[in-house]
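Listed here are the chains, written in short residue letters.
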Amino acid sequence: MHTTELSFDLRDDETLVSSKIHFYKNPKYQAGDNSLFLDGIDLELISLVIDGERVDYELSDKGVQLRHLKGEFVLEIVNRIHPENNTSLNGLYQSSGNYCSQCEAHGFRQITYYLDRPDVLSVFTTHIKAEAGRYPVLLSNGNLSSASPGQATWHDPTPKPCYLFALVAGDFAVLEDHYTTLSGREVALKIYVEKHNIGKTQFAMDSLKRSFAWDESRFNLEYDLDIYMIVAVDDFNMGAMENKGLNIFNSTFVLADPKTATDKDFINVEAVIGHEYFHNWTGNRVTCQDWFQLSLKEGLTVFRDQEFTSDLHSRSIKRIEDVNALRTFQFAEDAGPMRHPVRPESYIEMNNFYTLTVYEKGAEVIRMIHSFLGEVGFQKGMKLYFDRHDGDAITIDDFVSSMSDANEFDFSKFMTWYSQPGTPTINIKTDYDEKNECFYVEVEQDNEFDYFLPLNYALLDDQGSTLKEGVLTIQQQKQTFVFDQIKSMPIPSWLRGFSAPIHLLSDLTFEQQIFLVGHDSDAYVVWDSAQQIWLSLILTPNTARELLFFNAIEKLVQTRQDKSLVSEILTLPSERFLHQKVVVIDVFDIHQKREEMASKVLGRFKSLLLETYHSLNHAKVYQLTPEAVGERSLKNTCLYYLSKDKGSNPDLARTQFEQANCMTDQIAAFSALVASDNSYKKQAISNFYQTFEQDVQVMDKFFAVQSTSPLATVADIKQLMEHELFSFNTPNRLRSVIGGFTQNYINFHNQSGYEFFTDIILKLNQSNPQIGARLVSVYNHWGRFTPVLKQLQKQQLERIIQSDDLSNDIFEIVQAALK
Ligand code: BES
Ligand code: ZN
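Quick summary incoming for the structure in this document.

Rules behind the numbers
Throughout this description, residue numbers start from 1 for each chain and increase along the sequence as written. Going through the entries in the order they are written, you letter the chains from A and number the ligands from 1. Only residues with pLDDT of 70 or above have their local features reported here, since the model is predicted, and side-chain atom pairs are shown and tallied only from 80 upward, although totals for entire chains, interfaces and linings are computed over all residues. In computing side-chain values, all of the structure's heavy atoms are included and hydrogens and water are not. Numbering of helices and strands runs from the N terminus; a helix is a DSSP stretch of H or I covering at least four residues, while a strand is a stretch of E covering at least two. Working rule for helices: expected span equals 1.5 Å times residues minus one. Using a 1.4 Å probe on the protein chains alone, a residue whose accessible area is under 20% of its type maximum counts as buried, one over 50% counts as exposed, and one in between counts as partly exposed. N or O atoms closer than or at 3.5 Å make up a polar contact, with two conditions inside protein: a donor-capable atom paired with an acceptor-capable one, and, for residues adjacent in sequence, both atoms drawn from side chains. Any two strands with at least two DSSP bridges between them are considered paired. Any residue with a heavy atom lying within 4 Å of a molecule or strand is counted as near it. Surface accessibility in these figures is a Shrake-Rupley result with a 1.4 Å probe; residues are shielded only by whichever protein chains are displayed. All axes here are fitted lines through C-alpha atoms, helices being fitted over the stretch that makes contact, and every angle between N-to-C directions spans 0 to 180 degrees. Geometric relationships in this document are graded by angle, where less than 35 degrees denotes roughly parallel, more than 145 denotes roughly antiparallel, 65 to 115 denotes roughly perpendicular, and other angles denote oblique. Should any heavy atoms of two residues lie within 4.5 Å, those residues are counted as being in contact. Charged means Asp, Glu, Lys or Arg here, nonpolar means Ala, Val, Leu, Ile, Met, Phe, Trp, Tyr, Cys or Pro, and polar covers whatever is left, Gly included. Atoms are scored as donors when they are N, O or S and lie within 2.8 Å of the metal, with 3.2 Å used for Na, K and Ca; no water is included, so coordination may look incomplete. Under this scheme a four-donor centre is tetrahedral when all angles range from 85 to 135 degrees, a four-donor centre is square planar and a six-donor centre octahedral when opposite donors are above 155 degrees with the rest from 65 to 115, and any other centre is irregular. Salt bridges are defined by distance alone: a side-chain nitrogen of Lys or Arg within 4 Å of a carboxyl oxygen of Asp or Glu. In this tally Asp and Glu are treated as negative and Lys and Arg as positive; neither His nor the chain ends contributes. The definitions used throughout rest on a 1 Å grid laid over the protein atoms alone, on which a cavity is an enclosed set of points accommodating a 1.4 Å probe that cannot get out and a pocket is an open set flanked by protein within 12 Å on both sides along at least five of seven lines; lining residues are those having an atom within 4 Å of a point. Grid points are joined across faces, edges and corners, and a volume is the space filled by probe spheres set on the points. What makes a crossing left-handed is the near helix being turned counterclockwise from the far one by less than a right angle; a clockwise turn instead makes it right-handed.

## Some thoughts on helix 9 (residues 523–539)
Working step 1: With 17 residues, helix 9 should cover 24 Å at 1.5 Å per step; its first-to-last C-alpha distance of 24 Å lies within 8% of that length.
Working step 2: Counting buried positions along helix 9 gives 14 out of 17 residues, so the element sits mostly inside the fold.
Working step 3: Two or three places before Y524, at the start of helix 9, stands the capping residue D522, its side-chain oxygen 3.1 Å from that residue's backbone nitrogen.

The structure is reproduced here in structure tokens:
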């Protein structure tokens, strides 16, 4: 397709879409055939002409079939759509009365008939007509070529697939700035938000400028248009979307100020702004040939946004958080019914494949390539990649070939990471030969495939000094490595920085693990060793070991400078993570065991926790430096434990709640107050509400804190849904209340919890199946629960699959779960 010219006439009770598409036959895709099928869903066709003449066509509910086409022609279509009734939040829809669009993966076919596939690129021109009073801002991709009240025309010179198309019309306030690129090009930067939010946009703008600068300095990549726009909307299925020159964001990832956003929120805003910006090269200029290649853009762009955050904040803490999320959620996905390779092989509904595997495991795979090649080699590969493929729609193989060719590095064995689902397990056994001063390491893969991976390691002496460090290249089922001139038995530190996304089983003793917590210079290994110990002590209590570990923890709290790291180490593995580590999930048992460990920590460390808490609890001007973030993080971890103490609860939390100068402290105190029965709880809820009821983002937290409280019952959740600020069709609010409840293990997992939840899924099946499919995935692990809960979940899945009119989205998840 050469060009696509679209005209939108936005009216109250309908929108008319006219398209004029200049087609030419591409021998690569349409060989021998003179027919064409254009995708179209929920469209009302008004007229269709080719080269100005009426032609025959066949309409179905999936699109329109055209036949007997010439090698080159102009197709003109007029169709009608109803954004005012669109609750799916795909295609063109409304949020707070403004129009916006979401086209990835298959939303464009809900706008007009088109070749809705990522490898068909076209130059777009977009005309928008709407009532000037209510929709003063009219936006689309590219540069503004003309505008008058009630009308605008945009032209995007860069050919693009239709999934990157965007349209916005509404009444917004705008924050404007500009950026001068490395080569001196001026780019206008604009962030559009609903008017009452304009005061919360500065951080997003600063993040955007940091994104431009970082991509120039680290990847030597510059922006290519004269304007970069971001629009924030309250109703959005995902986090944000990288539409060319016109990103559309879930407002949660734009709006931030210290009073309403936590430290994590700030860093997330910056990361998501970065992510969508980085897609301009990795995704937009070089895009996917088909949706199976999704990780080509998403895995790579997640890797880039992780590096962005690492370069700007604490690299070690960022790594620990990412690894924790990967192991808690992606490993679970990899072990469940929806397991799939980083490059999936089939799908019923593409939206179901925007997964942790494609994104986070995909990013780990890129990280391993980076480890093998080093930063310089990786950048050489990226340069060749853009030299070869700028402007193309390509495959993951093309990406790996660029990396390979630029470095003369053979990645053929590495491709297992893209084609095999599941998490490999690696076993390490060691032996020290004192006489010959040799240390033997045997590495064995516990799976049928020989994965090719970098295993970062160090050998430490008994003072914690590094004797040797490096990377073992693992590529066979079993390999032995010999280290000579090792004068005394070393303590090995394995998988430093989590150099590969694997389960690692080693023969480290409990004492050696404790040693690593105290002495390793690799923050990930310190944290991971502590996690392994927490895990074993929670699941199989052992007083002697506990004492040893607590002694090590005490020393660490007193001596470690990095407060964030101390906080991470003091944080127990989540219930969700523990669920993965048992054969049968008994939600009550796990909850109780974890609570018991929390009480033991409090019992042993009460005074140290209090002392630490008070030493960190001083009023300061809000800053987002790693030090300040670390102080708040550790302080609030102390508060978490201290609030379990009948003596200091609710006073400590109450004082913090009333005096907090930032949302990080406010929400930590609020959560502590809501999680327990105490005299101040009711008042805290009503004070919090009165202070923040105008703020959509804070109200999402307000709901989530209550729905996840271990004291919240199904009746409480139903009451939250009666709240005047609850809105079923706003995904963020639904995630806070319903998504929150599904993570509330001890209250969700019973018959009435399930029945209530399934009713909601069936409602979402009609209104927003994409969100329904994401939520219903909570049943994926039904087979691993205790017999009664297992049976009850299965009944719910059967009830869903038997219901009429099941969407592809929900059907695909539920049938996989039942298999
Ligand atoms: N391209 C996606 C947005 C998207 C996802 C559109 C699924 C349609 C279906 C975007 O670049 C993205 O990946 N967004 C993430 C956030 C990001 C920081 C990982 C999201 O929305 O969760
Ligand atoms: Zn993305």
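Moving on, there is more to tell.
## Some thoughts on the pairing of strand 20 (residues 246–250)
When a strand is regular, its side chains alternate between the sheet's two faces.
Working step 1: Where burial is concerned, most of strand 20 is hidden: five out of the five residues are buried.
Working step 2: Going residue by residue along strand 20, you find L246, I248 and N250 tucked away on one face and N247 and F249 tucked away on the opposite face as well.
Working step 3: As defined by bridge partners, strand 18 (residues 227–233) adjoins strand 20 across five bridges and the pair is classed as parallel. Counted as the bridge partner of V231 is I248 from strand 20.
Working step 4: Sheet topology places strand 19 (residues 240–241) next to strand 20; two bridges connect them, and they run antiparallel. In the strand pairing of strand 20, M241 is matched with I248.
Working step 5: Hairpin connection of strand 19 to strand 20: four residues between the antiparallel strands, including G245 at a positive phi of 70°.

## Looking at the site of ligand 1
Working step 1: Among the 16 residues in the neighbourhood of ligand 1, the closest are listed as E104, G239, E242, E276 and Y359.
Working step 2: Here H275 contributes a side-chain N or O atom positioned 3.2 Å from an oxygen atom of ligand 1.
Working step 3: Taking K297, its side chain carries an N or O atom lying 3.4 Å from a nitrogen atom of ligand 1.
Working step 4: Coverage of ligand 1 by the protein amounts to 87% of the 510 Å² it exposes when considered alone.
Working step 5: Mapped onto the shell around ligand 1, the elements with two or more residues apiece are strand 19, helix 2 (263–278) and helix 3 (294–312).

## Let's talk about the packing of helix 1 (residues 202–219) against helix 3
Working step 1: Between helix 1 and helix 3, whose axes approach to 11 Å, the crossing angle comes to 100°. Here helix 1 is positioned roughly perpendicular relative to helix 3, judged by the angle of their axes. Note on element contacts: helix 3 touches helix 1 through R304, E307, F308, D311 and L312, opposite S207, R210, S211, W214, D215, R218 and F219.
Working step 2: Residues of the contact of helix 1 with helix 3, tallied by class, amount to four nonpolar, two polar and six charged.

## Some remarks on the coordination of the zinc ion (ligand 2)
Working step 1: Coordination of the zinc ion (ligand 2) by the protein is provided by H275 (NE2), H279 (NE2), E298 (OE) and E298 (OE), with metal-donor distances spanning 1.9 to 2.7 Å.
Working step 2: Because the angles between the six donor atoms bound to the zinc ion (ligand 2) fall within 54 to 162°, the donor set is best described as irregular.
Working step 3: Expressed as a motif, the donor residue spacing for the zinc ion (ligand 2) is H-x3-H-x18-E. Of the two residues, H279 sits in the loop between helix 2 and strand 21 (287–288) while E298 sits in helix 3, which places them 19 residues apart along the sequence.
Working step 4: The buried category is assigned to H279, whose relative accessible area is 0%.
Working step 5: The class of E298 is buried, set by a relative accessible area of 2%.

## Some details on the pattern of salt bridges
Working step 1: Using the criterion set out here, one finds 55 salt bridges in the structure.
Working step 2: R388 is paired through a salt bridge with D405; the nearest N and O atoms lie 2.6 Å apart. With R388 in helix 5 (residues 356–389) and D405 in helix 6 (residues 396–407), the pair connects residues that are 17 residues apart, well separated along the chain.

## A look at the sheet that holds strand 11 (residues 122–129)
Working step 1: Here eight strands make up an open sheet; going across it, the order is 5-4-8-2-1-11-14-13 and the pairing mixed. The outermost strands of the open sheet, each flanked by one partner alone, are strand 5 (53–54) and strand 13 (143–148).
Working step 2: Sheet topology note: the strand 4 (residues 44–50)/strand 5 ladder contains two bridges and is antiparallel. Paired with V49 across the bridge in strand 5 is R54.

## Examining the side chain of K681
Working step 1: In this fold, K681 is placed in helix 17 (residues 681–692).
Working step 2: This buried residue, K681, is left without a salt bridge; D677 holds the nearest opposite charge, at 4.9 Å.
Working step 3: Filtering out sequence-adjacent residues up to four positions away, K681 remains in contact with L673, V674, S676, S709 and L711.

## Topic: the sheet that holds strand 23 (residues 425–433)
Working step 1: Read from one edge to the other, the open sheet built from four strands follows the order 27-24-23-29, with strand pairing classed as mixed. Only two strands of the sheet have a single neighbouring strand rather than two, namely strand 27 (478–483) and strand 29 (503–506). Pairwise comparison of adjacent strand axes, ignoring direction, gives a mean angle of 20° for this sheet.
Working step 2: Pairing analysis gives eight bridges linking strand 23 to strand 24 (residues 438–445), with the strands arranged antiparallel. Counted as the bridge partner of T430 is V441 from strand 24.

## Re the layout of surface pockets
Working step 1: By volume, the second largest pocket is sized at about 1,200 Å³.
Working step 2: Around the second largest pocket, the lining is made up of 43 residues, and of these I41, D42, Q110, E349 and D809 lie nearest the centre.
Working step 3: Secondary structure elements with two or more residues in the lining of the second largest pocket: strand 3 (36–39), strand 4, strand 6 (57–60), helix 22 (751–767), helix 23 (769–776) and helix 25 (808–818).
Working step 4: The leading source of residues in the lining of the second largest pocket is helix 22, at three residues.
Working step 5: A breakdown of the residues in the lining of the second largest pocket according to their chemical character gives 15 nonpolar, 19 polar and nine charged.

## Examining the packing of helix 2 against helix 3
Working step 1: Direction vectors running N to C along helix 2 and helix 3 enclose 135°, while the axes themselves pass 9 Å from each other. As the angle between them shows, helix 2 and helix 3 are arranged oblique. Between helix 2 and helix 3 the crossing geometry is right-handed. Residue-level inspection shows I267, E270, A271, G274, H275 and F278 of helix 2 in contact with helix 3, the latter providing E298, T301, V302, R304, D305, F308, T309 and L312.
Working step 2: Classifying every residue of the contact of helix 2 with helix 3 by side-chain character gives six nonpolar, four polar and four charged.

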